[in-house]
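Next come the chains, spelled out residue by residue.
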Amino acid sequence: TYGQISQYADNLARNLKDLGLVTKRSYDFEGDHKIIGIFSRNCSEWMITDVACQRDSTTSVTFYNTLGDKSFDHIFEQTNVSTVCVSNDGVKNLIKYYKEFNFQSLKNVILYDLTLYTDEKMFKQLEETGLKIYSFKSLIEDKNSKTELVLSKPETLLTLCYTSGTTSLPKGVKITQNMMFCDSDSIEDSGLILCKNDTHLSYLPLAHIMERLVILTMMYKGGLSCFIATGD
């Protein structure tokens, strides 16, 4: 339910803050920003993380498997991400790229294990890299934290959305909260009127802005979003 997602997101935001998993990083514009990476297929964990970031003025950096090795290295070099959330299908590539490029900024990995299949082997493979590994399930638990959250403002940077890199290396597009909110109007302008009685099957990559826009609009409207489940 929306109530459960809200509670999970609050717990996650506070636990990320208490454990120091979201740290400030400089990008190619003024000021430092709290940044966390999301390297995952579409799933409930992805959206809970997105909401948690917005609850505490944190910017998400999105990755996807088809980026390629050079693009991964390029994004890490630009953002200096210290924590990356990863789904089961991305574990192998994350380990490969970490060993190949020796990302100096990467310290922590959060393995999505709430709705997606994981096993001890995945945790062990990640731990063997020397990185600190966290279970997503443990981070959405209520730890009775009293940490105050700083809610995002209209000018807060919601996400760094990287292009697919069809023209050389990917380019990070800086999207604020206000930009995303205004863009949601374009859906209704197109003639597609979404409401709380609608159901959305999320299959376009959430790392791309179109799907992100649609699913956040669905949440805003109070509708139902569905993800394609997979086994092992």
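Residues numbered from 1 in each chain as written. Predicted model: local features only at pLDDT ≥ 70, side-chain atom pairs only at ≥ 80, totals over all residues. Heavy atoms only, no water.

K.L.:
Pulling in residues and values, what's your account of the overall build of the protein chain?
P.N.:
When helices and strands are counted, the protein chain shows eight helices and ten strands. A globule of 232 residues ought to have a C-alpha radius of gyration of about 17 Å, and the protein chain, at 17 Å, matches this closely. Taken along the three principal axes of its C-alpha coordinates, the protein chain extends 50 × 45 × 35 Å. When each of the 232 residues of the protein chain is scored for burial, the buried share is 47%. (Helix = DSSP H or I, 4+ residues; strand = E, 2+ residues; numbered from the N terminus. Rg over C-alpha atoms; globule rule 2.2 N^0.38 Å. Buried < 20%, exposed > 50% of the residue type's maximum accessible area, 1.4 Å probe, protein only.)

K.L.:
Let's hear about helix H4 (residues 91-101): which residues, and what values?
P.N.:
Considered for burial, the residues of H4 that qualify are Val91, Asn93, Leu94, Ile95, Tyr97 and Tyr98. Each element contacted by the buried residues of H4 is listed here: strand S2 (32-39), helix H3 (69-79), strand S4 (83-86), strand S5 (108-111) and helix H5 (120-127). Directly beyond the C-terminal end of H4, a positive phi value near 50 degrees is found at asparagine 102. (Contact = heavy atoms within 4.5 Å.)

K.L.:
How would you sum up the environment of phenylalanine 136? Please name residues and give values.
P.N.:
When you line up the elements, phenylalanine 136 lands in helix H6 (residues 136-139). Taking the C-alpha atoms as reference, phenylalanine 136 lies 23 Å from glutamine 104; in sequence the two are 32 residues apart. Those residues in contact with phenylalanine 136, other than ones at most four positions away along the chain, are Leu12, Glu45, Ile48, Thr49, Ile110, Leu111, Tyr112, Asp113 and Leu114.

K.L.:
I'd love a proper account of the side chain of serine 57, names of residues and values included.
P.N.:
Mapped onto the fold, serine 57 is located in the loop between helix H2 (44-55) and strand S3 (59-63). Overall, the relative accessible area of 18% leaves serine 57 in the buried class. Only 2.5 Å separates the side chain of serine 57 from the backbone oxygen of valine 150, close enough to count as a polar contact. Not counting chain neighbours up to four residues away, the residues in contact with serine 57 comprise Lys34, Val150, Leu151, Ser152 and Thr156. (Polar contact = N/O pair within 3.5 Å; in protein donor to acceptor, adjacent residues only side chain to side chain.)

K.L.:
Go over the packing of aromatic side chains, please, and point to the residues and values.
P.N.:
Any two aromatic rings considered together are summarised by their centre-to-centre distance and by the angle between their planes. Following the criterion strictly, the structure yields nine aromatic pairs and no others. Judged by centre distance (4.6 Å) and plane angle (40 degrees), the rings of phenylalanine 72 and tyrosine 97 are tilted. One end of the pair, phenylalanine 72, is in helix H3; the other, tyrosine 97, is in helix H4, and 25 residues separate them in sequence. When sorted by exposure, phenylalanine 72 lands in the same class as tyrosine 97, which is buried. Seen from the ring of tyrosine 134, lysine 132 lies directly overhead, with NZ or CZ sitting 5.8 Å from the centre. (Phe/Tyr/Trp six-rings, centres within 6.5 Å; stacked < 30°, edge-to-face > 60°. Lys NZ or Arg CZ within 6 Å of the ring centre and 35° of its normal.)

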